[in-house]
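This is what each chain is made of:
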Amino acid sequence: MQRHPSLVSLSQEHKRLLFVCRYLKKDAAPYEGFPLETQARFEYIVKVFQEVMVPHIQKEEYLFEKCAGKNAAIDAMIRELQEEHLVISRMYSTLTDSNDLDTSMDILANALETHIRKEEREFFERLQQELPELLANLQLEN
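What you see is a predicted model; the values in this text were computed from it and never measured.

How each quantity is defined
Residues numbered from 1 in each chain as written. Predicted model: local features only at pLDDT ≥ 70, side-chain atom pairs only at ≥ 80, totals over all residues. Heavy atoms only, no water. Helix = DSSP H or I, 4+ residues; strand = E, 2+ residues; numbered from the N terminus. Rg over C-alpha atoms; globule rule 2.2 N^0.38 Å. Buried < 20%, exposed > 50% of the residue type's maximum accessible area, 1.4 Å probe, protein only. Polar contact = N/O pair within 3.5 Å; in protein donor to acceptor, adjacent residues only side chain to side chain. Contact = heavy atoms within 4.5 Å. Phe/Tyr/Trp six-rings, centres within 6.5 Å; stacked < 30°, edge-to-face > 60°.

A. Just the overall build of the protein chain, in detail. Within the protein chain, the regular secondary structure consists of five helices and zero strands. Reading the protein chain from its N terminus to its C terminus gives the helix and strand order α-α-α-α-α. For 142 residues, the compact-globule formula gives about 14 Å, and the C-alpha radius of gyration of the protein chain, at 16 Å, lands near that figure. Taken along the three principal axes of its C-alpha coordinates, the protein chain extends 45 × 30 × 25 Å. Here the protein chain, with 142 residues, has 46% of them falling under the buried criterion.

B. Structural context of the side chain of S11. Considering the arrangement of structural elements, one finds S11 in helix α1 (residues 8-24). Here R3 takes part through its side chain, which lies 3.2 Å from a polar atom of the side chain of S11. Non-local contacts of S11, meaning those with residues more than four positions away in its chain, are made with R3, E120 and F124.

C. Structural view of the environment of E65. Assignment of secondary structure puts E65 in helix α2 (residues 38-67). We classify E65 as exposed; its relative accessible area is 57%. For the pair E65 and I78, spaced 13 residues apart in the sequence, the C-alpha separation amounts to 9.0 Å.

D. Main features of the packing of aromatic side chains. The tally for this structure, following the rule as stated, stands at ten aromatic pairs. Measuring from ring centre to ring centre gives 5.4 Å for F64 and F123, while their planes differ by 85 degrees; the resulting arrangement is edge-to-face. With F64 in helix α2 and F123 in helix α4 (residues 101-130), this pair connects stretches of sequence that are 59 residues apart. Across the pair, F123 and F64 agree in class, each one buried. Where F123 meets F124, the ring centres are 6.1 Å apart and the plane angle is 45 degrees; that geometry is what we call tilted. Accessibility classification places F123 together with F124 in one group, the buried group. Members of the aromatic cluster, connected to one another through ring pairs, are F19, Y23, Y31, F34 and Y44.

Okay, structure coming up:
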């Protein structure tokens, strides 16, 4: 199913974040301009969380607020996704205390990737099917 225009900006951010997930994993492939040293990868995730993740989560929380209370299945998914937001944020917050930064970033990357794929493949699809009228009136742009 094609992405609803109201969700396109979130999907574009997801695409960028999926690149970040690949880059943070232990088995990351070399990519020009992205050094694989632990400290460089750590500095990159700090930058991305501040510039992309924080505003992205705020937009998603706004979306959740607008969608809540209209469909029981969607409400259950919202609760699940909000819990995942908390878990991912905690993982990020504890990176500086990690004794094994490479492993911690790998775990964070895998959790974030799973979360994004769930939002894209399940949540957004369900929203488009169940709440098209709500999406038609929603403004999520930056």
